[in-house]
Structures are given as C-alpha cells and as structure tokens.
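The residues making up each chain are set out below.
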Amino acid sequence: MGKGAKQPGGPEPDRGSLVTPSAEFPPLGSEERAALSRIGERWQVACRPDQLPVDPALGRNRPGPAPSRFGRLTPIDMFTVEEPGELQAGATAQEPGSRTARVLSRLRQTLFGPPLASTAVVYERMRKLVALPILSSDLLSSVAYGPEAMLTVLVLAGSSALGLSLPLAAVLVVLMIAVGLSYRQTIPAYPHGAGSYFVAGDNLGTTAGLTAAAGLMLDYVLTVAVSIAAGVSAITSALPRLAPATVLFGVLVIAVLLAGNLRGVRTAGNIFVLPTYAFVAAILTLLLVGYARAAGRGFAPVPPPPVPTTEGLGLLLVLRAFSSGAVSMTGIEAVSNAIPAFRPTEWRNARTTLGWMVTMLVVLFAGLIGLIHLNGLVPRPNQTILSQLGRVTFPTGPWYAILQATTALILLLAANTAFNDFPRLLFFMARNGHAPRRFLHLGDRLSFNNGLVALALAATLIFVTFGGQTQSLIPLYAVGVFLAFTLSQAGMVVHWRRHRDRGWRRRLLINAVGATLSGVVLVIAAFSKFAEGAWVVVIAVPLLVLLARWIHRHYAKLNHALALHTPSPPGPASGGAPRGPGGSAEGEELPQEVRHLVVVPVARLNRASLRALAYAASLGQPTLAVHIAPEDAEADRFREQWRAWGDHLRLETIVSPYRAVIGPLAHYLEALHTARPELTLTVIVPEVVLRHRWHRFLHSRADHRLRAALGSLPGVVVTSVPVHVAD
C-alpha cells in the first residue's frame, strides 16, 4: 500500500483515515505545548487546585439524589465515575430541562433514532455488500438517463445519425475502464478518502485541490437534482397524470432522503440495499430477454422511425453527444471519497467494491446502448427511452411495471451517494480550514448533520429552479465531475513520478491515460455545453475556490491570534507586571497580570441589583456602579437612595436627556477602556430569570441588549447575576 499523503494545509496524514468526533478538538502542536508549559511555570494562584468547596466527583458516596424544584433528578445521577478526575455523562445528561423541549427531543429520536455513543463510530462502517448499493446507486442509475442524453443530441441530426451511438458508446466504455483503473490505483495510495481533493492538493498544490473539491461539490449537488428529476420522469412516463406535481414530488423525495441519512450510515444502508440490487436485476433481465428476442430475428436492427433534422451533423454535435453520454460515469469517484466508511481493511474493501461497480457499469451501459440500437428507438419528450425499451421487451405481464418501479426507485435513491460523500468531503475540507468548522460536527447518530442539510438545501434550490427537468440539468452535470477526474488523475501521475514505487511506470501510464481522456471530456463538455448552462459551473468553480481560500485566511488569522506564545518577562509598566500585546487586557495569560475594574449597571435599587452589587463586592476588586437617568431630577433621587443604602461603592450617574440607556452606557464603558486599555472591565448585569417564555414579552430585556452592545468591545467581560422568579 502506498504511503498516505500529506494533506494540503491540514493535519498530518496519520489522521487522514479517521473520521471521529475528536476532529473538532485538534491537539496542540509541539511549539504550543512548550509555550503552554512555560506559561504554567509562571502562574500564581491564591489556592491549591484541589482546595474546592464542593466535591468535583459530585459526591458519589452521598445519599441518592432528591427531586429538584423543576421536578427532575439532580445531575448527580446522570454522571458516572470512570477513573480519578474523569466523569462520564450518561444518556440522561443530555435531556433538556423544559417539558416542551423534552417532547421535541423524544419526537426527534422517534424520527431519527436514539443517540449513538462516540465509540459506535467503528460499528457504523459498511461492509462491501452494503457499501456497493450505497455508493454505486448514483453510478449504476446513470445508465437510465446517460444513453438517452447522448441519443437526444444525436437525433437532432435525424434518424441516420443514431448509428453513431455504437462507436461513441465504445469510446465511453474505454473511458469508463480507464478512469476505473485509475481510481483503483488511487485508493491504496490515498486510503484516507476524499480522493480528488487530497490527491490534487498533495501533488498539484492547494489551488488544484480546492478546484477538485469545488467540482466534486457541484457534482454532488447536481447528482441529487438530476437523479431526483430522472426518477420523477420515470414515474411520469408510466403515469402521465402525475406530471404537474413533478417539483413537489421531487422536493418531498429530497426531504425523505435527508431524514433517512440523518438516521446514520448503517440505517441508510439498510434502506438503500434492496432498491439497488432490484434495479440491477431488472436491467439484467431486460438485457437477457431483449437480446434473446433480437437473436430470434438474427440480430437485425429495427429501422428507427423518421425524425426531422433540426441541426446538421457535424463535429460539434458529435462532441456534445459524447459529453452528454459521459454523464453515465458520474459517481465513479464515490468509493475513493468514502474509504473511511468501509470496515477494515478499508482501502482493500473499497478497491474491491470499485471493481464490482465499474464491471456492472460497463455491462449495463454497453448492453442498453446495443439493445436500443437493435430496437430502433428514438427519444420522445413524454416517455423515457428506457420506458420505451421496457414496453417493447415486455409487451405483456407485470415486468414492465417492475422495470419502471425499480428504475424510479433507484433514480430517486441514487442521490444517496451524494448524501454519503458530500458531507464527508466538507468534513475533510473543514479539518484543513477550507470550510466552516461546523461541518466537523457529528450528530446524535454519528452522521454529518450540517453537511447533509446543506446538500439538501442546495439540491432543492437547483431542482426547483430548473423545474425538475432532467435535460435542463444534464448540461451542468459533466463539467464538475470530469474536472475532479482530470485533476485527480493528473495528481496521481505526479505522485508516481515522486515516489517511484515498484511498478510505478505502469501505474503512471494508467493514470496518464485516465487524466488525458478525462481532460478531453472536460474540454468538450465545457465548450460544447457552455451556452446550454455549463457556464454556471465554469463560473461557480472559481467562486467556490475563492470562498474556500477566504475561509482559510480567516481561520489562519484566528489561529495566529489564539496561538499560545511564551509570556514576555516582567517590565516596569503597571507595577512590574507584564502587559499583553499592545497594552491590551486581552493579551494577558497569567493571573497576576490581570488588572480588574468591575462595573455594575444599576437601573433601580431592588433585590436583583443589590444581589449584583453584593456579588461584585465579594470579588475583592475595584468596583464602580453606573446609573443612567433620563433627567437631573431622577439622578438626584437615585443618589439620595444610594446614600440611604450606605454609599458602600463608588457611583457614577449619567444623565441621558434623550432617554437612551444602552447606547450611553456602552459608549461610557468604551471610554473607560480607551483610557486604560490594560484594564479588564467586568460588567456584571443583574438579570431576572423568568419561568415561562411568554413572560419575556412583558419585559424590556435590557440585559440582553446590553450584552449584545458590549460584545464587540475588546477587554470587556460581560456576566450576569440571575434572580429567579418562581411565577
């Protein structure tokens, strides 16, 4: 097996094959660990870490928990002690507090299943017989619309041009085999998945990797839209009365696919196994019966019906037909992108599965093209060519209905390949900082919920925009996928030249052939279908690359700002305590460096404000109370009440003649921060906590508005002291 490649701009390759919840928490590098040790050596704390007023193990030796005022058990019963210094949260620890939230949580578990522990990620992987239908549904189902897409272009030149379908199909079969062999070599060389993204990025540079990823993302979105459109078309071919509901039906199918995948990989696999195998069996039966009938007449082809010529037969038309037929290969890269989803040994099982997929694709595609030619069929606007072939082959009996049912089902479920690979690609991109980090998160069922939802929304938008019409979506389809094919195989050529393992020349030649043929199809598709809609993909790919780079720059700046560094030695400023970068309080990393000023906004003297003042004074830091008054008379009255209280803390009164509260207070605190940027301003806000949500409409919620206004100020910490109201 080839060595795992270093990921572009990301972590080390030994983490490449791991898809775990821990990806959200990357470890510290060696330099940061060293800086952390040096920072720790200079920490000065008032008490030892083990001097706590409460048992952090939640008092496991105490009597059992008693019901709380909210009618629930205390959290002690929700945790178990695994080892000294470590608690493990049980299943009940994630139960929400309110009754409404608990009902919604149970409803969610009913729809998507109970939560899975992080350790179950290993058992959620797929065996080959399950992975084959999940990952091949897109590839195999494309034979239901790929041949028709090619013939739809050829028939523009009249019935006589349909004879070119055989040589074009032969070239496409060669292309399928070449690309399939190329990806079989990619799998053991890059066993961490997301093949085109990693391969192109590792060997051709980050931009090439992001370009391949952009092509794949567009391909996955279009896979969902095209598959659903073709599936609905198969249904309306058999039941024309359902045609007006095409868009609505397609959107509902996308929602069902999303729900199925949110239940987890294994559950989704169990859902999609039978339809894929049933479709393959139906097509093989169609081929056997169809060729048996053709053999009875000596394989003499039936002349196609005369079709008027609308476009002259030329090189451009032939190239357009070829690129349209090439959509039958979409999904061939799915296995290389999902290697970590296989059971061990992952790369070996993935390579075997890919071999099965390519073999089945060649047999089905070549068989259908030959049978369509022998029966003299031409595309019709109101019936798919596969439906026509089924009616000719099975004139009586239930077999036509079975063929259409399995075809519609596999086409509708073929989008599941994209639901499996798109979130995984975003996971790898997010781990390298090229996509939002929210795509690293694994949901309750160990599925990439955020990626699944993003794919469903994007595919729904495309599907609705194009009215669920397959032929309108096909021109957008080939460019993205063959862009990824080309960059991946070109990257493998560079890979073999670099590593020069045993047999590298033969492997290089195979990948070079795959890259050349894929590049030819890419150029043909981009130019021949540019005006038909391919321009959308041509423009979208660089925009996605620029977006990924912008995201990476943001995370790079964030990581640099938050990276640990060795504290500077004490200086003469601020009493010998070292200051943070630029004299800012946010640069402090040692307790003895922090200089406090506690500020308590007080609207009126009641139990909530007095509790906040008591909490502030108990911290033992300089404390300032601030009152915003709408006029001088009210300011005088408040100062009189303050003196009656005892004038225990310094009070600053601000008169706001325009009756604004949040603005003047925020600007005042900003002025304090500007005057002494090394101070940490801790703003303690009294907060009344209400039991019922509808009570919130009866209050101004000034504490939340103040928190929002102060959130952008550097060196300001906003905290609240709650006072709970029972009713």
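Cut-offs and rules
- Residues numbered from 1 in each chain as written.
- Predicted model: local features only at pLDDT ≥ 70, side-chain atom pairs only at ≥ 80, totals over all residues.
- Heavy atoms only, no water.
- Phe/Tyr/Trp six-rings, centres within 6.5 Å; stacked < 30°, edge-to-face > 60°.
- Helix = DSSP H or I, 4+ residues; strand = E, 2+ residues; numbered from the N terminus.
- Buried < 20%, exposed > 50% of the residue type's maximum accessible area, 1.4 Å probe, protein only.
- Pairing = 2+ DSSP bridges.
- Right-handed = clockwise from strand over helix to strand, strands pointing away.
- Expected span 1.5 Å × (residues − 1).
- Contact = heavy atoms within 4.5 Å.
- Salt bridge = Lys/Arg side-chain N within 4 Å of Asp/Glu carboxyl O.
- Axes fitted to C-alpha atoms, helices over the stretch in contact; angles between N-to-C directions.
- Parallel < 35°, antiparallel > 145°, perpendicular 65-115°, else oblique.
- Left-handed = near helix turned anticlockwise from the far one by under 90°.
- Nonpolar A, V, L, I, M, F, W, Y, C, P; charged D, E, K, R; others polar.
- Patch = residues over 30% accessible without salt bridge, like charges linked within 9 Å, V, L, I, M, F, W, Y side chains within 5 Å.
- Areas by Shrake-Rupley, 256 points an atom, 1.4 Å probe, with all protein chains shown as cover.
- pLDDT = per-residue confidence, 0-100.
- Polar contact = N/O pair within 3.5 Å; in protein donor to acceptor, adjacent residues only side chain to side chain.

A closer look at the packing of aromatic side chains
For step 1, the next point in the chain: Evaluation of the coordinates by the stated rule reveals 9 aromatic pairs.
For step 2, the next point in the chain: With 5.1 Å between their ring centres and 70° between their planes, Phe 198 and Phe 428 make a pair best called edge-to-face. Residue Phe 198 is found in helix H6 (residues 195-204), and its partner Phe 428 is found in helix H15 (residues 416-431); the two are separated by 230 residues along the sequence. Each member of the pair Phe 198 and Phe 428 is classed as buried.
For step 3, the next point in the chain: Three or more aromatic residues joined by ring pairs form one cluster here, namely Tyr 197, Phe 198, Phe 427, Phe 428 and Phe 448.

Notes on the pairing of strand S4 (residues 623-629)
For step 1, the next point in the chain: Here S4 lies mainly inside the structure; 7 of its 7 residues are buried.
For step 2, the next point in the chain: Direction of pairing for strand S3 (residues 595-601) relative to S4: parallel, over a ladder of 4 bridges. Bridging across to S4, Val 599 finds its partner in Leu 624.
For step 3, the next point in the chain: Of the crossover connections in this fold, the one passing from S3 over helix H21 (residues 607-618) to the parallel S4 is right-handed.
For step 4, the next point in the chain: The pairing of S4 with strand S5 (residues 650-655) spans 6 bridges and is parallel. When the sheet's bridge partners are listed, His 627 is paired in S5 with Thr 653.
For step 5, the next point in the chain: Once the chain exits S4 it traverses helix H22 (residues 632-645) before rejoining the sheet at S5, and the crossover so formed is right-handed.

What to know about helix H8 (residues 246-262)
For step 1, the next point in the chain: Taking 1.5 Å per residue as the helical rise, H8 with its 17 residues ought to reach 24 Å, and the 25 Å between its terminal C-alpha atoms agrees with that figure.
For step 2, the next point in the chain: Residues of H8 that are buried: Thr 246, Gly 250, Val 253, Ile 254, Leu 257, Leu 258, Gly 260, Asn 261 and Leu 262.

Brief notes about the environment of Leu 473
For step 1, the next point in the chain: Tracing the sequence through the fold places Leu 473 in helix H17 (residues 470-473).
For step 2, the next point in the chain: A residue is classified by how much of its surface remains accessible, and Leu 473, at 0% relative accessible area, is buried.
For step 3, the next point in the chain: When the C-alpha atoms of Leu 473 and Val 226 are compared, they prove to be 6.2 Å apart, with 247 residues separating the residues in sequence.
For step 4, the next point in the chain: If we skip the residues at most four places from it in the chain, Leu 473 touches Ala 225, Val 226, Ala 229, Ile 462 and Phe 466.

Section: the pattern of salt bridges
For step 1, the next point in the chain: One pass over the full model with this rule turns up 4 salt bridges.
For step 2, the next point in the chain: Across the pair Arg 639 and Asp 636 runs a salt bridge, and its minimum N-O distance is 2.5 Å. With Arg 639 and Asp 636 both in helix H22 and 3 residues apart, this pair spans about one turn of that helix.
For step 3, the next point in the chain: Between Arg 650 and Glu 652 there is a salt bridge, and its shortest N-O distance comes to 3.4 Å.
For step 4, the next point in the chain: Using a relative accessible area of 26% as the deciding quantity, one classes Glu 652 as partly exposed.

Observations concerning the packing of helix H4 (residues 146-154) against helix H10 (residues 315-325)
For step 1, the next point in the chain: For the pair H4 and H10, the least separation of the axes is 7 Å and the interaxial angle reads 170°. Classed by the angle they form, the pair H4 and H10 counts as roughly antiparallel. Classified by chirality, the crossing of H10 by H4 is right-handed. Across the interface between the two elements, Gly 146, Ala 149, Met 150, Val 153 and Leu 154 from H4 touch Leu 317, Arg 320, Ala 321, Ser 324 and Gly 325 from H10.
For step 2, the next point in the chain: Residue composition of the contact of H4 with H10, grouped by class: 6 nonpolar, 3 polar and 1 charged.

A short note on a nonpolar patch on the surface
For step 1, the next point in the chain: On the surface, Phe 530, Trp 535, Val 536, Val 538, Ile 539, Leu 543 and Leu 546 cluster together into a nonpolar patch covering about 630 Å² of accessible area.
For step 2, the next point in the chain: Within the secondary structure, Ile 539 is located in helix H20 (residues 530-562).
For step 3, the next point in the chain: The exposure class of Ile 539 is partly exposed, given its relative accessible area of 44%.

Thoughts on the confidence of the model for the protein
Reading predicted coordinates in detail is not appropriate for stretches of low pLDDT.
For step 1, the next point in the chain: Within the protein, residue pLDDT values average 79, and 77% of them lie at 70 or more.
For step 2, the next point in the chain: Considering each helix and strand of the protein separately, the mean pLDDT is smallest for strand S1 (residues 79-83), with a value of 55, and largest for helix H12 (residues 346-374), with 91.
For step 3, the next point in the chain: Contacts from residues 69-76, a stretch scored under 50 in pLDDT, to residues over four places away or in other chains number 19 contacts.
For step 4, the next point in the chain: Segment residues 572-582: pLDDT under 50, and 22 contacts once partners within four positions in sequence are set aside and those in other chains are kept.

Some details on the side chain of Gln 383
For step 1, the next point in the chain: Positionally, Gln 383 belongs in the loop between H12 and helix H13 (385-393).
For step 2, the next point in the chain: Take Gln 383: its relative accessible area is 11%, and that puts it in the buried class.
For step 3, the next point in the chain: One polar contact links Gln 383 to Ser 387, side chain to side chain, over a distance of 2.9 Å.
For step 4, the next point in the chain: Beyond its immediate chain neighbours, meaning those up to four positions away, Gln 383 contacts Glu 148, Ser 237, Gln 388, Arg 391 and Tyr 400.

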